[in-house]
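# Observations on the model geometry
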Amino acid sequence: MEAIIQIKNLCKTYSNGTEALKGISLEIQSGQFFALLGPNGAGKSTLVKIITTLISKDSGEFYIQGSNTETNSLKIQKIIGVASQENEIDPAETVENLMVFQGRLFGMSKKEAIERAGWLIEAFGLTNVKSQKAGILSGGNKRRLHCALALVHNPKILFLDEPTVGMDPVARSEFWKIIKGLNIKGVTVFLTTQYLEEVDKHASAMSLISEGQILYSGTISNFKTMVNGGNNSSLEESYLQYLEIISKQ
Ligand code: ADP
Ligand code: MG
């Protein structure tokens, strides 16, 4: 496997003085299902925003498929799909239009964009609401739309920042079926979530971040073994136990 994402010593301090990232180094392999875990405020969204070129870093380096994002941001934007934590969707447009516009934005022909939008609308269970304006969708449907939008241009790497917040159990299960299907086809998944059972079920590698620093990077099974000898505990149990151990240090 080759590293598709390489991050070296990345630092970010916001203008109000908050040190969000204090030297993050990470490698994610091509085709991996990777989860970035950590408490609220740990720096997960900051890291996702930097590597997806939405905000700038202060120092450090990162490469996506060997390309430096500063000199090749257009190339990189074509191979990544991003569902960020906040839903930034034009509330006045319909679901269908937003999906088609997104395809057009990425250079698809009208026919291609309509076909792709139709497939994703169906796959994400949005058919009943496809003519509704995005602004009046339920929270769960907004998240589904947001994730579907991230997939219109067939990205090779998918960044999902707390994607399933607000989805009902059926939507969540369908959502994971789609994402697993893409991952099996070779799409690299970079996930952040607070639902650790989702990570336990789907991801193979993880990093744990706290206060802007990486505390663990490796496989999920190694993490469990490290914390409690791998005695069949869930990731959630191991995670809670680990945070308790380090809070006492
Ligand atoms: P997470 O996604 O892990 O919950 P974030 O990356 O959103 O964490 O936030 C990391 C830290 O940076 C937090 O202390 C948060 O309050 C702060 N932060 C996030 N965004 C901003 C911003 N735009 N301006 C100032 N501070 C911010
Ligand atoms: Mg976040």
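Structural data are supplied above this passage.
An account of the accompanying structure is given in this report. What you are looking at is a predicted structure, and each value in this text was computed from that prediction instead of being measured.

Turning our eyes to something else, we now look at the sheet that holds strand 5 (residues 67-68). Within the open sheet, the 4 strands sit side by side as 2-1-4-5. Their pairing is antiparallel. The open sheet terminates on both sides in strands that have one partner only, identified here as strand 2 (19-29) and strand 5. Bridge analysis of strand 4 (residues 59-64) against strand 5 gives 2 bridges, and the strand direction is antiparallel. Paired with Ile64 across the bridge in strand 5 is Ser67.

With that out of the way, let us pick up the site of ligand 1. Around ligand 1, a shell composed of Tyr14, Asn16, Thr18, Ala20, Pro39, Asn40, Gly41, Ala42, Gly43, Lys44, Ser45 and Thr46 is seen. Contact distances for ligand 1 include 2.9 Å between an oxygen atom and a backbone N or O atom of Ser45. Within the contact set of ligand 1, an oxygen atom lies 2.5 Å away from a side-chain nitrogen or oxygen of Thr46. Notes on ligand 1: free accessible area 560 Å², of which the protein chains cover 64%. Of the residues forming the shell around ligand 1, the biggest block, 3 residues, is contributed by helix 1 (residues 44-51). The residue inventory of the shell around ligand 1, partitioned by class, reads 4 nonpolar, 7 polar and 1 charged.

With that out of the way, let us pick up the side chain of Gln29. Counting through the fold element by element, Gln29 comes out in strand 2. Residue Gln29 is classed as buried on the basis of its relative accessible area, which comes to 16%. Separated by 3.3 Å, the side chain of Gln29 and the backbone nitrogen of Ala3 make a polar contact.

Here we have 6 strands laid out as an open sheet, ordered 6-7-8-3-9-10, and mixed in their pairing. Across the chains shown, the open sheet's two edge strands, defined by having one partner strand only, are strand 6 (80-83) and strand 10 (213-219). Neighbouring strand axes in the sheet, compared pairwise and without regard to direction, differ in orientation by 15 degrees on average. Inspection of the sheet shows strand 6 paired to strand 7 (residues 157-161) by 4 bridges, in the parallel sense. Among the inter-strand pairings, Gly81 is bridged to a residue of strand 7, identified as Leu158. Where helix 1 meets the sheet, it contacts strand 3 (33-37), strand 7, strand 8 (188-192) and strand 9 (205-210), and its direction lies at approximately 145 degrees from that of strand 8. Contacts between helix 8 (residues 220-228) and the sheet are confined to strand 9 and strand 10, with strand 10 contributing the most and set at about 110 degrees to the helix.

Moving on, we get to the packing of aromatic side chains. A full pass over the atoms with the stated rule returns 7 aromatic pairs. Ring geometry for Phe223 against Tyr242: centres 5.3 Å apart, planes inclined by 70 degrees, an arrangement best described as edge-to-face. One end of the pair, Phe223, is in helix 8; the other, Tyr242, is in helix 9 (residues 235-247), and 19 residues separate them in sequence. In this structure, Phe223 and Tyr242 share a single accessibility class: buried. Taken together, the ring pairs in this structure connect Phe33, Phe124, Phe175 and Trp176 into an aromatic cluster. Above the face of the Tyr195 ring, Arg172 is positioned so that its terminal group lies 4.1 Å from the ring centre.

Thresholds applied
- Residues numbered from 1 in each chain as written.
- Chains lettered and ligands numbered in written order.
- Predicted model: local features only at pLDDT ≥ 70, side-chain atom pairs only at ≥ 80, totals over all residues.
- Heavy atoms only, no water.
- Pairing = 2+ DSSP bridges.
- Helix = DSSP H or I, 4+ residues; strand = E, 2+ residues; numbered from the N terminus.
- Near = heavy atom within 4 Å.
- Polar contact = N/O pair within 3.5 Å; in protein donor to acceptor, adjacent residues only side chain to side chain.
- Areas by Shrake-Rupley, 256 points an atom, 1.4 Å probe, with all protein chains shown as cover.
- Nonpolar A, V, L, I, M, F, W, Y, C, P; charged D, E, K, R; others polar.
- Buried < 20%, exposed > 50% of the residue type's maximum accessible area, 1.4 Å probe, protein only.
- Axes fitted to C-alpha atoms, helices over the stretch in contact; angles between N-to-C directions.
- Contact = heavy atoms within 4.5 Å.
- Phe/Tyr/Trp six-rings, centres within 6.5 Å; stacked < 30°, edge-to-face > 60°.
- Lys NZ or Arg CZ within 6 Å of the ring centre and 35° of its normal.

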